[in-house]
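Chain by chain, the residues run as shown.
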Amino acid sequence: MSEMGTWVRRAFAEGIGTFFLVLVGTGTVMADALSGGAIGPVGIALAFGLVVAGMIYAIGHISGAHINPAVTFGFWSIGRFPGRAVPVYVAAQCAGGIAASATLRVVVGDVGDLGATVPSVSVPAAFTTEWLLSFALMFVIAAVATDERVAAGVAGLAVGLTVTFDALLGGFLTGASMNPARTLGPALVGGIWHAHWLYWAAPITAMIAAARTYDALRRSEAPAFPPAPL
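Below: a short report on this structure. (Residues numbered from 1 in each chain as written. Predicted model: local features only at pLDDT ≥ 70, side-chain atom pairs only at ≥ 80, totals over all residues. Heavy atoms only, no water.)

**Focus on the overall build of the protein chain**
Secondary structure assignment for the protein chain yields 8 helices and 0 strands. Secondary structure elements in the protein chain, listed N-terminal to C-terminal, are α-α-α-α-α-α-α-α. Relative to a compact globule of 230 residues, whose C-alpha radius of gyration would be 17 Å, the protein chain shows 17 Å and is just as compact. Counting the 230 residues in the protein chain, one finds 48% classified as buried. A separation of at least 24 residues holds for 79% of the contacts in the protein chain among residues at least 6 apart in sequence. Taken as a whole, the protein chain presents about 10,500 Å² of accessible surface, with 71% of it coming from carbon and sulfur. Of the side-chain charges in the protein chain, 10 are positive and 11 negative, and the distance between the mean point of each set is 9 Å. (Helix = DSSP H or I, 4+ residues; strand = E, 2+ residues; numbered from the N terminus. Rg over C-alpha atoms; globule rule 2.2 N^0.38 Å. Buried < 20%, exposed > 50% of the residue type's maximum accessible area, 1.4 Å probe, protein only. Contact = heavy atoms within 4.5 Å. Areas by Shrake-Rupley, 256 points an atom, 1.4 Å probe, with all protein chains shown as cover. Lys, Arg positive; Asp, Glu negative; His and termini not counted. Charge placed at Lys NZ, Arg CZ, Asp CG, Glu CD.)

Dropping the structure here:
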C-alpha cells in the first residue's frame, strides 16, 4: 500500500473511533436527560471511559487511537507524529464527531443539548479546569504510548480510567471535554457555541505541555528505575 493509502486508512480508523466516542459518550448524556437523571454523573463518566478504552484496543494498532485532535497535536509537538498527517487526522476526528452528533439528533432528537459541553463556572475557571484535566489525560497517554518501561497492553485501561476520573471531576463544571472533536460535534449540529473556543485552546495547549513534560522526564530517567527501599 502507498504511503498516502496508509494514512487514509489510519485516518478512517480515527474517524470511526471518534464517531463511537461521541456516539456513546454524548449519547449517554442524552439518555440520562431522557431518563430524568437515572444514569447520573458516575454512569456518564464510566460511559466515556469505557468507550475510550474499547476504541484504543480496537484501533490502537492501526492508527494509534488518538481519537482527539489535541492528542494528535501533543504527539506532533514531541516529534512522535508527522506534521503532514496532522490535518488529515484532525479532519477525520472532527468528521467522526460531527457524524455521531448528527446520528444522535436523527435517532434521539434534540435532547439534553446533544451532550454539548458548556461551562457551568466562569470562563477563566472553565479554561483552567479543562487545561488541567487535559494535561492529566495526555500525561498518561504519553506514558503508555512512548515509554517502553510501561507494561504492554495497559494503554486502554490506563487511558480509560483517566478519562473516567477526569469526567467525574469536571463533568459538572465544564462537561470535561478534553477533546475538541467531542465538543465540535454537538456544537455544530445543535448550534451551541457558548465559550466554544476554550474547548480547543485549553486541550491543545495542555496536551502539548503534558507531552513535552513527560518526554523530558522520560529522557532524563536512567534506563532502569532502582528498586524502592523497603
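**Observations concerning the pattern of salt bridges**
Evaluation of the coordinates by the stated rule reveals 4 salt bridges. With a shortest N-O distance of 2.8 Å, Asp 110 and Arg 105 are connected by a salt bridge. Residue classification places Asp 110 among the exposed residues on the basis of a relative accessible area of 57%. A relative accessible area of 37% means that Arg 105 is categorised as partly exposed. Here Asp 215 makes a salt bridge to Arg 218, at a shortest N to O gap of 2.7 Å. (Salt bridge = Lys/Arg side-chain N within 4 Å of Asp/Glu carboxyl O.)

**Quick notes on the nonpolar core**
Counting residues in hydrophobic clusters, the biggest one holds 41 residues, and the most contacted among them are Val 52, Phe 75, Phe 81, Leu 137, Met 138, Ile 141 and Val 159. When contributions to this core are tallied by element, the ones reaching two or more residues are α1 (3–34), α2 (40–63), α3 (69–77), α4 (86–107), α5 (123–146), α6 (155–174), α7 (180–190) and α8 (198–220). By size, the runner-up hydrophobic cluster in this structure holds 5 residues, among which are Met 30, Leu 104, Leu 114 and Val 189. (Core = buried A, V, L, I, M, F, W, Y, C linked by side-chain atoms within 4.5 Å.)

**Re α2**
Its 24 residues place the ends of α2 32 Å apart at the C-alpha level, agreeing with the 34 Å of an ideal helix rising 1.5 Å per residue. Positive backbone phi, approximately 90°, marks Gly 64, located one or two places after α2. (Expected span 1.5 Å × (residues − 1).)

**Considering the packing of aromatic side chains**
What the rule picks out here adds up to 9 aromatic pairs. Note on Phe 135 and Phe 139: the rings are 6.1 Å apart at their centroids and 15° apart in plane angle, and the pair reads as stacked. Taken as a pair, Phe 135 and Phe 139 lie in helix α5 at a separation of 4 residues, close to a single helical turn. On the accessibility criterion, Phe 139 (28% relative accessible area) is partly exposed. Aromatic rings pair up to connect Trp 131, Phe 135, Phe 139 and Tyr 214 into one cluster. The ring of Trp 7 carries Arg 10 above its face, with NZ or CZ at 4.7 Å from the centroid. (Phe/Tyr/Trp six-rings, centres within 6.5 Å; stacked < 30°, edge-to-face > 60°. Lys NZ or Arg CZ within 6 Å of the ring centre and 35° of its normal.)

**Thoughts on a nonpolar patch on the surface**
Together, Val 42, Leu 46, Leu 50, Phe 165 and Leu 168 line one region of the surface with nonpolar side chains, adding up to about 490 Å² of accessible area. When contributions to the nonpolar patch are tallied by element, the ones reaching two or more residues are α2 and α6. Considering each element in turn, the nonpolar patch owes the most residues, 3 residues, to α2. Within the fold, Leu 46 resides in helix α2. (Patch = residues over 30% accessible without salt bridge, like charges linked within 9 Å, V, L, I, M, F, W, Y side chains within 5 Å.)

**Some words on unusual backbone geometry**
Notably, Ala 65 is not glycine yet its phi reads approximately 50°, a positive angle. In this fold, Ala 65 is placed in the loop between α2 and α3. A relative accessible area of 9% places Ala 65 in the buried class.

Keep in mind these values describe shape, not function.
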